[in-house]
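Summary of the model geometry
Residue strings, one per chain:
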Amino acid sequence: MKKLLCALLSILILLCFASCGSDGNAGKAATPSVFFDVRGEADGSYSIGYYYINDPVIIPERISGHDITCISLEAFQYNDLTAVTMHDNIKVIMPEAFRYCRRLEKVDLGHGVEKIQSMAFASCDALESITIPSSVKEIGSYAFDETAALKTVRFEGNAPKVDYLIFGEPREDLTIYYKSGTTGWDNKYLSQYKLVEE
């Protein structure tokens, strides 16, 4: 009898994790190893959070019929993922979305992100390099704070609007590369870091 009850309970748990649904502005969707949460935002857009993750994470373009355009507040916080890839429809990475993802080594921001908000990647201890696409127009304060392993940042376009200490306190071992012919690198919040023209 105990074995039968255990088996039934296991089936119920699996069914709960595998189900998809929608209740107003929220919905759950499953991909082979990732359970996402779709959240309706005040501006009418839809953002993504998570329920359960296996690595690496590829953010889907649509879930439950909704286009995913941003990563939710604290969406992946404290997660053990090591890599994340975003599609080009992602426009906003909200505050603390990947904060404390201490094993995160590889981030592909795609080519559509416009805003990286405050502390979005703070305390990502394993992140050694990142490329900021030319689509990025704004980076919030402390977006990459407490990322001691971060040594290389490459900007593909003009300098975005930035708040103070986007990479935390200036360090000798952090180099920010920008393309020749791009503008805005005399910004007081960027010029405190080691800038190298490529």
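Notes on the structure in this doc start here. (Residues numbered from 1 in each chain as written. Predicted model: local features only at pLDDT ≥ 70, side-chain atom pairs only at ≥ 80, totals over all residues. Heavy atoms only, no water.)

**Description of the overall build of the protein chain**
Looking only at helices and strands, the protein chain features one helix and 18 strands. Sequence-distant contacts in the protein chain: of pairs separated by 6 or more residues, those separated by 24 or more amount to 31%. For the protein chain, the computed accessible surface area is about 10,400 Å², with 53% contributed by carbon and sulfur atoms. (Helix = DSSP H or I, 4+ residues; strand = E, 2+ residues; numbered from the N terminus. Contact = heavy atoms within 4.5 Å. Areas by Shrake-Rupley, 256 points an atom, 1.4 Å probe, with all protein chains shown as cover.)

**Here's the deal with the sheet that holds strand β5 (residues 57-58)**
Ordered in space as β5-β9-β11, the three strands form an open sheet in which the pairing is parallel. Since the sheet does not close on itself, it has two edges, and those belong to β5 and β11 (106-108), each with one partner. Looking at chain direction, strand β9 (residues 83-85) and β11 are connected through three bridges and run parallel. Counterpart to A83 in the pairing with β11 is K106. (Pairing = 2+ DSSP bridges.)

**With respect to the environment of V162**
With respect to the helices, strands and loops of the structure, V162 is situated in strand β16 (residues 161-162). For the pair formed by V162 and I116, sequence separation is 46 residues and the distance between their alpha carbons is 9.7 Å. Ignoring anything within four residues of it in the chain, the contact list for V162 reads I139, N187, Y189 and L190.

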